[in-house]
Amino acid sequence: VQLVESGGGLVQAGGSLRLSCAASGRAASSAVTGWFRQAQGKEREFVARITWSGDTTVYADSVKGRFTISRDNAKNTVYLQMNSLKAEDTAVYYCAARQTMVIVPTDDYDYWGQGTQVTVSS
(Lines give C-alpha, C1' and ligand atoms only; values in the text may rest on other atoms or scores of the structure.)
Protein backbone atom coordinates (compact mmCIF):
# COMPACT_ATOMS: atom_id res chain seq x y z
CA VAL A 1 0.00 0.00 0.00
CA GLN A 2 1.54 3.30 -1.08
CA LEU A 3 -0.95 6.03 -0.10
CA VAL A 4 -3.60 6.00 2.63
CA GLU A 5 -5.96 8.92 3.18
CA SER A 6 -7.76 9.70 6.42
CA GLY A 7 -9.63 12.53 8.08
CA GLY A 8 -12.76 12.71 6.01
CA GLY A 9 -16.20 13.00 7.54
CA LEU A 10 -19.37 15.03 7.88
CA VAL A 11 -19.10 18.73 8.71
CA GLN A 12 -21.42 21.70 8.58
CA ALA A 13 -20.91 24.47 6.06
CA GLY A 14 -18.34 26.93 7.34
CA GLY A 15 -16.54 24.23 9.29
CA SER A 16 -13.10 22.71 8.89
CA LEU A 17 -11.50 19.35 8.29
CA ARG A 18 -7.92 18.20 7.92
CA LEU A 19 -7.16 15.34 5.58
CA SER A 20 -3.99 13.29 5.88
CA CYS A 21 -2.20 11.23 3.28
CA ALA A 22 0.31 8.74 4.65
CA ALA A 23 2.81 7.54 2.08
CA SER A 24 4.95 4.42 2.04
CA GLY A 25 7.43 2.83 -0.30
CA ARG A 26 8.40 4.78 -3.39
CA ALA A 27 5.38 7.05 -3.01
CA ALA A 28 6.99 8.55 0.07
CA SER A 29 9.80 10.05 -2.02
CA SER A 30 7.66 11.26 -4.89
CA ALA A 31 8.46 14.64 -6.41
CA VAL A 32 4.89 15.86 -6.17
CA THR A 33 1.90 14.93 -4.04
CA GLY A 34 -1.52 16.18 -4.91
CA TRP A 35 -5.10 16.10 -3.78
CA PHE A 36 -7.96 15.50 -6.18
CA ARG A 37 -11.68 15.15 -5.58
CA GLN A 38 -14.63 13.63 -7.30
CA ALA A 39 -18.19 14.57 -6.53
CA GLN A 40 -20.97 12.15 -7.32
CA GLY A 41 -21.83 12.28 -11.00
CA LYS A 42 -18.93 14.59 -11.82
CA GLU A 43 -15.44 14.19 -13.20
CA ARG A 44 -12.42 14.08 -10.94
CA GLU A 45 -10.87 17.50 -10.44
CA PHE A 46 -7.57 18.83 -9.17
CA VAL A 47 -7.56 20.46 -5.73
CA ALA A 48 -3.95 21.16 -4.74
CA ARG A 49 -0.40 19.86 -5.04
CA ILE A 50 2.91 20.29 -3.27
CA THR A 51 6.48 19.46 -4.16
CA TRP A 52 8.56 17.12 -2.01
CA SER A 53 10.53 20.05 -0.61
CA GLY A 54 7.34 21.91 0.16
CA ASP A 55 8.57 25.07 -1.54
CA THR A 56 5.94 25.03 -4.27
CA THR A 57 2.21 24.71 -3.81
CA VAL A 58 -0.55 25.07 -6.38
CA TYR A 59 -4.28 25.35 -5.75
CA ALA A 60 -7.43 25.18 -7.80
CA ASP A 61 -9.17 28.53 -7.98
CA SER A 62 -12.21 27.04 -6.26
CA VAL A 63 -10.27 26.32 -3.05
CA LYS A 64 -7.67 29.09 -3.06
CA GLY A 65 -7.69 30.98 0.22
CA ARG A 66 -9.68 28.27 1.99
CA PHE A 67 -7.52 25.13 1.67
CA THR A 68 -3.87 24.72 2.60
CA ILE A 69 -1.65 21.84 1.55
CA SER A 70 1.41 21.01 3.61
CA ARG A 71 3.70 18.10 4.36
CA ASP A 72 5.81 16.56 7.08
CA ASN A 73 8.49 14.47 5.42
CA ALA A 74 9.62 13.03 8.74
CA LYS A 75 6.19 11.42 8.94
CA ASN A 76 5.84 10.80 5.19
CA THR A 77 2.52 12.58 5.38
CA VAL A 78 0.83 15.27 3.32
CA TYR A 79 -2.04 17.26 4.76
CA LEU A 80 -4.93 19.20 3.33
CA GLN A 81 -6.38 21.71 5.77
CA MET A 82 -9.84 22.67 4.59
CA ASN A 83 -11.50 25.73 6.11
CA SER A 84 -14.72 27.58 5.33
CA LEU A 85 -16.12 24.44 3.78
CA LYS A 86 -19.03 24.72 1.39
CA ALA A 87 -21.63 22.22 0.27
CA GLU A 88 -19.95 22.14 -3.14
CA ASP A 89 -16.78 20.77 -1.50
CA THR A 90 -18.62 17.51 -0.89
CA ALA A 91 -16.72 14.76 -2.70
CA VAL A 92 -14.42 11.81 -2.32
CA TYR A 93 -10.93 13.21 -1.85
CA TYR A 94 -7.98 11.32 -3.27
CA CYS A 95 -4.31 11.68 -2.56
CA ALA A 96 -1.93 11.04 -5.45
CA ALA A 97 1.83 11.00 -5.85
CA ARG A 98 3.96 11.52 -8.92
CA GLN A 99 7.62 10.64 -9.39
CA THR A 100 8.33 13.56 -11.72
CA MET A 101 7.60 17.25 -11.49
CA VAL A 102 4.41 18.66 -12.94
CA ILE A 103 5.14 20.90 -15.91
CA VAL A 104 1.60 21.29 -17.18
CA PRO A 105 -1.54 20.48 -15.18
CA THR A 106 -2.22 16.75 -15.29
CA ASP A 107 -3.85 13.94 -13.39
CA ASP A 108 -1.24 11.49 -14.64
CA TYR A 109 0.06 10.45 -11.24
CA ASP A 110 1.88 7.22 -10.40
CA TYR A 111 0.16 6.34 -7.12
CA TRP A 112 -3.36 6.88 -5.86
CA GLY A 113 -5.00 6.36 -2.51
CA GLN A 114 -8.37 4.77 -1.96
CA GLY A 115 -10.09 8.05 -1.18
CA THR A 116 -11.86 9.55 1.82
CA GLN A 117 -15.38 10.95 1.82
CA VAL A 118 -15.96 14.57 2.77
CA THR A 119 -19.57 15.64 3.19
CA VAL A 120 -20.49 19.24 3.91
CA SER A 121 -24.04 19.87 5.05
CA SER A 122 -25.64 23.20 4.24
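To start, this report covers the structure provided alongside it.

The rules behind these values
Numbering of residues starts from 1 in each chain and follows the order in which that chain's sequence is written. Residues qualify for local features only when their pLDDT is at least 70, as the model is predicted, and side-chain atom pairs are given and counted only at 80 or more; totals for whole chains, interfaces and linings, by contrast, use all residues. Excluding hydrogens and water, the side-chain values take into account all heavy atoms of the structure. In DSSP terms, a helix is any run of H or I states spanning at least four residues, a strand is any run of E spanning at least two, and both are numbered starting from the N terminus. All radius of gyration figures rest on C-alpha atoms, and the globule criterion is 2.2 Å times the number of residues raised to 0.38. Using a 1.4 Å probe on the protein chains alone, a residue whose accessible area is under 20% of its type maximum counts as buried, one over 50% counts as exposed, and one in between counts as partly exposed. By definition, residues are in contact when any of their heavy atoms lie within 4.5 Å. Method for areas: the Shrake-Rupley scheme with a 1.4 Å probe, in which residue coverage is limited to the protein chains shown. The rule for a salt bridge is simple: a side-chain nitrogen of Lys or Arg has to be within 4 Å of a carboxyl oxygen of Asp or Glu. Pairing between strands is defined by DSSP: at least two bridges between the two strands are required. Throughout this description, the term nonpolar core refers to a set of buried Ala, Val, Leu, Ile, Met, Phe, Trp, Tyr and Cys residues connected via side-chain atoms within 4.5 Å.

1. So, the overall build of the protein
Phase 1: Of regular secondary structure, the protein possesses zero helices and eleven strands.
Phase 2: Reading the secondary structure of the protein in the N-to-C direction produces β-β-β-β-β-β-β-β-β-β-β.
Phase 3: Its C-alpha atoms give the protein a radius of gyration of 13 Å, near enough to 14 Å, the size a compact globule of 122 residues would have.
Phase 4: Summarising its shape, the C-alpha atoms of the protein cover approximately 40 × 30 × 25 Å along the three principal directions.
Phase 5: Relative to its full complement of 122 residues, the protein shows a buried share of 43%.
Phase 6: Contacts in the protein between residues far apart in sequence, at least 24 positions, make up 56% of those at least 6 positions apart.
Phase 7: As presented, the protein carries roughly 6300 Å² of accessible surface, and 48% of it is formed by carbon and sulfur atoms.

2. Considerations on the pattern of salt bridges
Phase 1: Inspection of every chain in the model, using the stated rule, returns five salt bridges.
Phase 2: Between Asp-89 and Arg-66 there is a salt bridge whose closest N-O contact spans 2.7 Å. Remark: Arg-66 occurs in the loop between strand S6 (57–59) and strand S7 (67–72) and Asp-89 occurs in the loop between strand S8 (77–82) and strand S9 (91–98); sequence separation between them is 23 residues.
Phase 3: For Asp-89, a relative accessible area of 0% corresponds to the buried category.
Phase 4: Each of Arg-37, Glu-45, Arg-66 and Asp-89 takes part in a single network of salt bridges with overlapping partners.

3. What to know about the pairing of S8
Remark: a regular strand shows side chains that alternate across the two faces of the sheet.
Phase 1: Buried residues dominate S8, accounting for five of its six residues.
Phase 2: Where strand S3 (residues 17–23) lies against S8, six bridges are found, and the strand directions are antiparallel. When the bridges of S8 are listed, Ala-22 appears paired with Thr-77.
Phase 3: In this sheet, S8 lies alongside S7 in antiparallel orientation, the contact comprising six bridges. Its bridge partner lying in S8, Arg-71 is registered against Val-78.

4. Here we look at the nonpolar core
Phase 1: If you look at the biggest cluster of nonpolar residues, it comprises 28 residues, and the most contacted ones within it are Trp-35, Leu-80, Met-82 and Tyr-93.
Phase 2: For this core, the elements supplying multiple residues, two or more each, are S3, strand S5 (45–51), S7, S8, S9 and strand S11 (116–121).
Phase 3: When sequence neighbours within four positions are dropped, the list of residues in contact with Tyr-93 reads Glu-5, Leu-19, Trp-35, Phe-36, Arg-37, Val-47, Phe-67, Leu-80, Met-82, Gly-115, Thr-116 and Val-118.

5. Thoughts on unusual backbone geometry
Phase 1: For Asn-76, which is not glycine, the phi dihedral falls at a positive 50°.
Phase 2: Note that Asn-76 resides in the loop between S7 and S8.
Phase 3: Located in the positive-phi region is Ser-84, a residue other than glycine, with phi close to 50°.

6. Section: the environment of Tyr-109
Phase 1: With respect to the helices and strands, the residue Tyr-109 is situated in the loop between S9 and strand S10 (111–112).
Phase 2: A relative accessible area of 5% means that Tyr-109 is categorised as buried.
Phase 3: Along the sequence, Tyr-109 and Val-32 sit 77 residues apart, while their C-alpha atoms lie 8.9 Å from each other.
Phase 4: For Tyr-109, the contacting residues outside a window of four places in its chain are Val-32, Gly-34, Phe-36, Arg-49, Ala-96, Ala-97, Arg-98 and Val-102.

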